[in-house]
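Next come the chains, spelled out residue by residue.
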Amino acid sequence: MKRSGRQQEPPQGAVEKRVQRHRGSRIDDTRDLVAAEMPVALAYNGAPFAVMMATPGDLEDFALGFSLSEGIVPCAAQLKILAIDTSLEGISIDMSIPESLAAGLEARRRNLQGRSGCGICGTASIEAVLRPPPALEADPAIAAISLDRALRELQAQQPLNALTGATHAAAWAQADGRIALVREDVGRHNALDKLIGALSRAGIEPSSGFAVVTSRASYEMAMKAAQAGIPLLAAISAPTTLAIALADSAGLTLVGFARDDGFVVYSHPQRLHDGASEAAA
């Protein structure tokens with residue numbers, strides 16, 4: 001439920017706004033919490049690369065996760081965040097990477113603003129979009145009951161969405177289904193990038209668990225998960241055909257419609273056990 005009235009300072013990522021609430025014949029002038037969204041400019045070695053519309057929180061996680069999931073750097077050690085500056089126009093994140101990696105960015109440079117709902121808007125070439133991720137290992141095996149547990153736990157671990165009703169969440173669960181990390185953002189791609197960055201910063205091996213997202217599973221969501229080494233991605237909504245094709249070729253177990261009453265497995269069902277196939281059916 002969204003909260004009305006001022007009780008405390010808004011949390012990071014939420015902004016208090018005056019609103020007019022209509023309920024039947026009653027009209028109230030009150031206040032509400034709204035999810036923040038602003039442009040975040042990402043630059044490498046002084047050269048602009050992308051502008052993403054994002055929620056201004058967990059920005060170091062976002063910068064690192066974006067760089068890893070986009071294949072800009074192969075590991076966190078090759079990225080240095082130089083500065084995160086906030087102005088009236090938005091947020092600028094300046095990063096440095098080895099020159100050998102920076103040389104390959106020009107062909108992939110994004111010419112358009114990346115909206116919160118679009119992770120690859122403006123990518124300059126088809127080749128930059130349809131880049132194959134590394135193949136995932138067959139392990140680990142995940143019990144269907146663990147996926148159920150992660151879905152239940154995630155419902156109570158989205159504080160920003162509970163206040164605003166406007167954000168997506170990406171969570172990483174251990175193999176037994178216990179949620180270890182959650183990141184929220186108005187953009188589903190941004191939330192997953194933040195999660196990937198948080199995993200790296202925490203020193204957690206992505207292949208030791210799985211990810212759950214409160215969105216559909218688009219091609220880029222599957223790409224980001226596979227690129228990060230996450231073996232299973234479960235989405236509460238549907239996948240796309242291209243996401244399924246990528247997951248199938250990369251060895252990613254892709255789960256859609258993951259909800260209280262079951263789920264559907266679209267690729268590599270062998271990674272799920274304990275009756276997962278029957279539950280999906």
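Below, the structure is looked at part by part. (Residues numbered from 1 in each chain as written. Predicted model: local features only at pLDDT ≥ 70, side-chain atom pairs only at ≥ 80, totals over all residues. Heavy atoms only, no water.)

Now for the packing of aromatic side chains. Remark: the centre distance and the inter-plane angle together describe each pair of aromatic rings, the angle taken between the planes. As enumerated under the stated definition, the model contains 3 aromatic pairs in all. Relative to phenylalanine 49, the ring of tyrosine 44 lies with its centre 5.7 Å away and its plane at 80°, an arrangement referred to as edge-to-face. The same class applies to tyrosine 44 as to phenylalanine 49, namely buried. Their ring planes at 70° and their centres at 6.3 Å tell us that phenylalanine 49 and phenylalanine 66 sit as a pair that is edge-to-face. With phenylalanine 49 in strand S4 (residues 47–54) and phenylalanine 66 in helix H1 (residues 59–69), the pair connects residues that are 17 residues apart, well separated along the chain. Through pairs of rings, three or more aromatic residues link up here, namely Tyr44, Phe49, Phe62 and Phe66. (Phe/Tyr/Trp six-rings, centres within 6.5 Å; stacked < 30°, edge-to-face > 60°. Buried < 20%, exposed > 50% of the residue type's maximum accessible area, 1.4 Å probe, protein only. Helix = DSSP H or I, 4+ residues; strand = E, 2+ residues; numbered from the N terminus.)

Quick look at the pattern of salt bridges now. Summed over the entire model, instances satisfying the criterion amount to 13 salt bridges. One salt bridge in this structure joins arginine 201 and glutamate 60, with 2.9 Å as the shortest N-O distance. In this pair, arginine 201 sits in helix H6 (residues 188–202) while glutamate 60 sits in helix H1, placing the two residues 141 residues apart along the sequence. Residue classification places glutamate 60 among the partly exposed positions, given a relative accessible area of 39%. Residues aspartate 61 and arginine 201 are paired through a salt bridge, measuring 2.7 Å at the closest nitrogen-oxygen approach. Taken as a pair, aspartate 61 in helix H1 and arginine 201 in helix H6 lie far apart in primary sequence, 140 residues in all. Three or more residues are tied together by salt bridges with common partners; here these are Asp58, Glu60, Asp61, Arg183 and Arg201. (Salt bridge = Lys/Arg side-chain N within 4 Å of Asp/Glu carboxyl O.)

Of note, asparagine 45 is a non-glycine position whose phi angle comes to about 50°, a positive value. Along the chain, the position of asparagine 45 falls in the loop between strand S3 (38–44) and S4.

Contact pair H6 / helix H7 (residues 219–228): the axes reach a minimum separation of 10 Å and the direction vectors enclose 5°. In terms of orientation, H6 and H7 fall into the roughly parallel class. Here H6 contributes Arg188, His189, Leu192, Asp193 and Ile196 to the contact with H7, which in turn contributes Glu220, Met221, Lys224, Ala225 and Ala228. Along the lines of polarity and charge, the residues of the contact of H6 with H7 split into 5 nonpolar, 1 polar and 4 charged. (Axes fitted to C-alpha atoms, helices over the stretch in contact; angles between N-to-C directions. Parallel < 35°, antiparallel > 145°, perpendicular 65-115°, else oblique. Contact = heavy atoms within 4.5 Å. Nonpolar A, V, L, I, M, F, W, Y, C, P; charged D, E, K, R; others polar.)

Between its first and last C-alpha, H6 extends 21 Å over 15 residues, near the 21 Å set by a 1.5 Å rise per residue. The buried count for H6 comes to 12 of 15 residues, which makes it a mostly enclosed element. Along H6, the positions that sit buried rather than exposed are Arg188, His189, Asn190, Ala191, Leu192, Asp193, Lys194, Leu195, Ile196, Gly197, Ala198 and Leu199. Buried residues along H6 sit in contact with S4, H1, strand S8 (168–174), strand S9 (179–185), strand S10 (209–213) and H7. At the exit of H6 stands glycine 203, carrying a positive phi of roughly 70°. (Expected span 1.5 Å × (residues − 1).)

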